[in-house]
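Next come the chains, spelled out residue by residue.
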Amino acid sequence: MNLEIAKNKINTAARVAVLTGAGISAESGIPTFRDAQTGYWARFSPHELASPVAYEKNAELVWQWYAERFITCQTAQPNAAHTALAALEQRTALTVVTQNVDQLHQRAGSQNVLELHGNITTARCEKCSHVQALSPDFVPPPICQKCASRMRPNVVWFGELLPRAILEQAWKTFEQCEVALVIGTSSLVEPAASLGRIAKESGALLIEVNPEVTPLSKYADLRVSSSAIKGLGALLGEYSR
Ligand code: NAD
Ligand code: ZN
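Parameters at a glance
- Residues numbered from 1 in each chain as written.
- Chains lettered and ligands numbered in written order.
- Predicted model: local features only at pLDDT ≥ 70, side-chain atom pairs only at ≥ 80, totals over all residues.
- Heavy atoms only, no water.
- Near = heavy atom within 4 Å.
- Polar contact = N/O pair within 3.5 Å; in protein donor to acceptor, adjacent residues only side chain to side chain.
- Areas by Shrake-Rupley, 256 points an atom, 1.4 Å probe, with all protein chains shown as cover.
- Helix = DSSP H or I, 4+ residues; strand = E, 2+ residues; numbered from the N terminus.
- Domains from an automatic or database assignment.
- Axes fitted to C-alpha atoms, helices over the stretch in contact; angles between N-to-C directions.
- Left-handed = near helix turned anticlockwise from the far one by under 90°.
- Contact = heavy atoms within 4.5 Å.
- Salt bridge = Lys/Arg side-chain N within 4 Å of Asp/Glu carboxyl O.
- Buried < 20%, exposed > 50% of the residue type's maximum accessible area, 1.4 Å probe, protein only.
- Donors = N, O, S within 2.8 Å, 3.2 Å for Na, K, Ca; no water.
- Tetrahedral: all angles 85-135°; square planar, octahedral: opposite > 155°, others 65-115°.
- Buried area = accessible area lost by both parts, 1.4 Å probe.
- Phe/Tyr/Trp six-rings, centres within 6.5 Å; stacked < 30°, edge-to-face > 60°.
- Lys NZ or Arg CZ within 6 Å of the ring centre and 35° of its normal.

Caption draft 1: Representation of the site of ligand 1 within the structure. Around ligand 1, the structure places 25 residues, and the nearest of them are F33, R34, D102, H117 and S186. For ligand 1, an oxygen atom lies 3.1 Å from a polar atom in the backbone of G184. Relative to its unbound accessible surface of 850 Å², ligand 1 loses 89% to contact with the protein. If you tally residues by element for the shell around ligand 1, the top one is helix α2 (residues 23–26), at three residues. There are two domains that each give the shell around ligand 1 at least three residues, and those are domain 1 (3–28 + 78–117 + 162–240) and domain 2 (31–75 + 120–155).

This is the structure in structure tokens:
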């Protein structure tokens, strides 16, 4: 399939489902986990920090890492790829399912966003599950306003279950869409790995935007082998502004 046909399909589709991964925020200056960590953090693997075991072992270290990433996300700005999706949502039924925790889709103006991995701007009480927003100058660990217990980052860690209701909604979104766009995700981890394929098996057009080939690539009707900004610029044209 060529780009022109894909563009036309996106513009005429009744329902568009989008799945995004860390790659869409890379051009906003938020590194993906695959990009090496810098400075002090270079000696740690994100997979070792973003886990319940790491938190049990050294909550202070894990919170320090999250506090830094929180600041990175707060100071980052949505890029043209995020705003292109928000603009497209103005004229079609579009849902963004994201694995990102940075909230850049919402800040770009997207309304229908399903966060599969939670978000980094809030914390959750370890005892009563109360969720509260982090203030820019918070001192980790945050303490629950309801029960005064320690709070943890409100994200899904490696080895933890995804929020069930959100996952079910994401599943439905991809089953029912006419066009599925999978942007900036390595498609190695479930359910990201399956959502695009489910859409394809349900009859949707599957488009992948990623500079690298992924396990999903072979199912895609169109692969746009470029960065998210360039790829969505080409696919959405005028809507990317
Ligand atoms: P990932 O598995 O989604 O991999 C990143 C993908 O982005 C790769 O396939 C890479 O080829 C692609 N990519 C890189 N630069 C790109 C660009 N400019 N445009 C388009 N695609 C590009 O992500 P990960 O880094 O392994 O992260 C794993 C999990 O960690 C995420 O699902 C998320 O929960 C969390 N995380 C979130 C953020 C964020 O919120 N911005 C950042 C890092 C990690
Ligand atoms: Zn509490």
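Caption draft 2: Molecular detail of the packing of helix α8 (residues 164–176) against helix α9 (residues 192–201). At a closest axis distance of 7 Å, the pairing of α8 and α9 adopts a crossing angle of 35°. Of the two elements, α8 crosses α9, and the hand of that crossing is right-handed. Judged by residue contacts, A170, W171, F174 and E175 of α8 engage S194, L195, G196, I198 and A199 from α9.

Caption draft 3: View of the pattern of salt bridges. Inspection of the entire model under this criterion finds six salt bridges. Note that R150 is salt-bridged to E126, the shortest N-O span being 2.8 Å. With R150 in the loop between β5 (131–133) and β6 (151–155) and E126 in the loop between β4 (118–125) and β5, this pair connects stretches of sequence that are 24 residues apart. Judged by relative accessible area, E126 falls into the partly exposed class, the value being 38%.

Caption draft 4: Region of the structure containing the coordination of the zinc ion (ligand 2). Protein ligation of the zinc ion (ligand 2) involves C125 (SG), C128 (SG), C144 (SG) and C147 (SG), the donor distances falling in the range 2.3 to 2.4 Å. Coordination at the zinc ion (ligand 2) comes from four donor atoms whose angles at the metal span 99 to 118°, giving a geometry best classed as tetrahedral. Mapping the donors of the zinc ion (ligand 2) onto the primary sequence gives the spacing C-x2-C-x15-C-x2-C. Here C128, found in the loop between β4 and β5, pairs with C144, found in the loop between β5 and β6; they are 16 residues apart in sequence, far enough to count as distant. The partly exposed category is assigned to C128, whose relative accessible area is 37%.

Caption draft 5: Representation of the domain arrangement of the protein within the structure. Per the domain assignment, the segments making up the protein are domain 1 (3–28 + 78–117 + 162–240) and domain 2 (31–75 + 120–155). Between the C-alpha centres of domain 1 and domain 2 there is a distance of 27 Å. Between domain 1 and domain 2 the total buried area reaches about 710 Å² when both faces are included, carbon and sulfur atoms providing 54% of it. Joining domain 1 to domain 2, the criterion identifies zero salt bridges. The tally of links between domain 1 and domain 2 comes to four residue pairs in polar contact (both at pLDDT 80 or more).

Caption draft 6: Representation of the packing of aromatic side chains in the model. One pass over the full model with this rule turns up eight aromatic pairs. Seen in terms of ring centroids, F33 and W65 are 5.8 Å apart; in terms of plane orientation they differ by 35°. Their pairing is tilted. Pair noted here: F33 is in the loop between α2 and α3 (46–49) and W65 is in helix α5 (residues 59–75), with a separation of 32 residues, a long-range link. Exposure remark for W65: the relative accessible area of 2% places this residue in the buried category. Measuring from centroid to centroid gives 5.0 Å for W65 and Y66, while their planes differ by 80°, and the two rings are edge-to-face. An aromatic cluster of at least three residues, connected via ring pairs, comprises F33, Y55, W65, Y66, W157 and F158. The ring centre of W157 lies 3.8 Å from the NZ or CZ of R152, which sits over that ring. Here the guanidinium or amino end of R197 rests over the ring plane of Y219, the centre of that ring lying 5.7 Å away.

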